[in-house]
Amino acid sequence: MLWALARRPDITGVQHFTDAGVASWYDFAVAIAEEATALGLLAPGVRVSAIATEDYPTPARRPGYSVLDKRALLSALALQPDHWRVSLRRVLGTLAAAA
């Protein structure tokens, strides 16, 4: 995406980009545990517990749903990003190969 954007000086301002799909921090943690277990990076049975937002206070107020809108950028660059889980699997696979 960065190389495609670098070739487009007409696209200015703040741009948002993420992999495809959406996930909460809980969804992401569960996926990490599942994928890492499958690759032998974690022992089976790692438990991920969900907590409410109010159980993890931060100085900044957070919106209930804050998925970045990247449709305009994807359209302008004619890109189709991988799903975040594919990218997670790739990163964890790299870690497993290095271990």
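Everything in this summary refers to the structure shown in the same document. (Residues numbered from 1 in each chain as written. Predicted model: local features only at pLDDT ≥ 70, side-chain atom pairs only at ≥ 80, totals over all residues. Heavy atoms only, no water.)

1. Here we look at helix H4 (residues 84–98)
Then step 1. Its 15 residues place the ends of H4 21 Å apart at the C-alpha level, agreeing with the 21 Å of an ideal helix rising 1.5 Å per residue.
Then step 2. Tucked into the core, H4 has its buried residues touching helix H2 (25–38). (Helix = DSSP H or I, 4+ residues; strand = E, 2+ residues; numbered from the N terminus. Expected span 1.5 Å × (residues − 1). Contact = heavy atoms within 4.5 Å.)

2. Remarks on the nonpolar core
Then step 1. By size, the foremost hydrophobic cluster in this structure holds 5 residues: Ala-31, Ala-36, Trp-84, Leu-88 and Leu-92.
Then step 2. Among the secondary structure elements, those contributing two or more residues to this core are H2 and H4.
Then step 3. When residues of this core are assigned to their parent elements, the largest contribution, 3 residues, is made by H4.
Then step 4. Not counting residues up to four positions away in its chain, the partners in contact with Ala-36 are Leu-41, Leu-42 and Leu-92. (Core = buried A, V, L, I, M, F, W, Y, C linked by side-chain atoms within 4.5 Å. Buried < 20%, exposed > 50% of the residue type's maximum accessible area, 1.4 Å probe, protein only.)

3. Details of the pattern of salt bridges
Note on pairing: side chains with opposite charge can pair once their charged atoms come close.
Then step 1. All told, the structure shown has 6 salt bridges when counted by the stated rule.
Then step 2. Among the ionic pairs, Glu-35 bridges to Arg-89, the shortest N-O distance being 3.0 Å. Of this pair, Glu-35 sits in helix H2 while Arg-89 sits in helix H4, placing them 54 residues apart in sequence.
Then step 3. For Glu-35, a relative accessible area of 9% corresponds to the buried category.
Then step 4. The network of salt bridges with shared partners includes Glu-34, Glu-35, Arg-85 and Arg-89. (Salt bridge = Lys/Arg side-chain N within 4 Å of Asp/Glu carboxyl O.)

4. Remarks on the environment of Ala-97
Then step 1. For Ala-97, the location among the structural elements is in helix H4.
Then step 2. Taking the C-alpha atoms as reference points, Ala-97 and Ala-72, separated by 25 residues in sequence, lie 37 Å from one another.

5. A look at unusual backbone geometry
Then step 1. If you check the backbone angles, Ala-78 has positive phi at about 55° while not being a glycine.
Then step 2. Looking at the secondary structure, you find Ala-78 in the loop between helix H3 (71–77) and H4.
Then step 3. Residue Ala-78 is classed as exposed on the basis of its relative accessible area, which comes to 68%.

6. Let's talk about a nonpolar patch on the surface
Then step 1. Residues Leu-39, Leu-41, Leu-42, Val-46, Val-91 and Leu-95 make up a contiguous nonpolar surface patch of roughly 470 Å² in combined accessible area.
Then step 2. Within the secondary structure layout, Val-91 lies in helix H4. (Patch = residues over 30% accessible without salt bridge, like charges linked within 9 Å, V, L, I, M, F, W, Y side chains within 5 Å. Areas by Shrake-Rupley, 256 points an atom, 1.4 Å probe, with all protein chains shown as cover.)

7. Some words on H2
Then step 1. Between its first and last C-alpha, H2 extends 20 Å over 14 residues, near the 20 Å set by a 1.5 Å rise per residue.
Then step 2. Within H2 the residues assigned to the buried category are Ala-31, Ala-33, Glu-35 and Ala-36.
Then step 3. Against H4 lie the buried residues of H2.
Then step 4. One or two steps after H2, the chain reaches Gly-40, where phi turns positive at roughly 80°.

8. Remarks on the packing of H2 against H4
Then step 1. Across the interface, H2 lies against H4 with an axial gap of 10 Å and an inter-helix angle of 45°. On the basis of their axis angle, the class for H2 and H4 is oblique. Helix-helix and strand crossings are classified by hand; for H2 and H4 the assignment is right-handed. Along its contact with H2, which presents Asp-27, Phe-28, Ala-31, Ile-32, Glu-34, Glu-35 and Ala-36, the element H4 presents Trp-84, Arg-85, Leu-88, Arg-89 and Leu-92.
Then step 2. A per-class count over the contact of H2 with H4 returns 7 nonpolar, no polar and 5 charged. (Axes fitted to C-alpha atoms, helices over the stretch in contact; angles between N-to-C directions. Parallel < 35°, antiparallel > 145°, perpendicular 65-115°, else oblique. Left-handed = near helix turned anticlockwise from the far one by under 90°. Nonpolar A, V, L, I, M, F, W, Y, C, P; charged D, E, K, R; others polar.)

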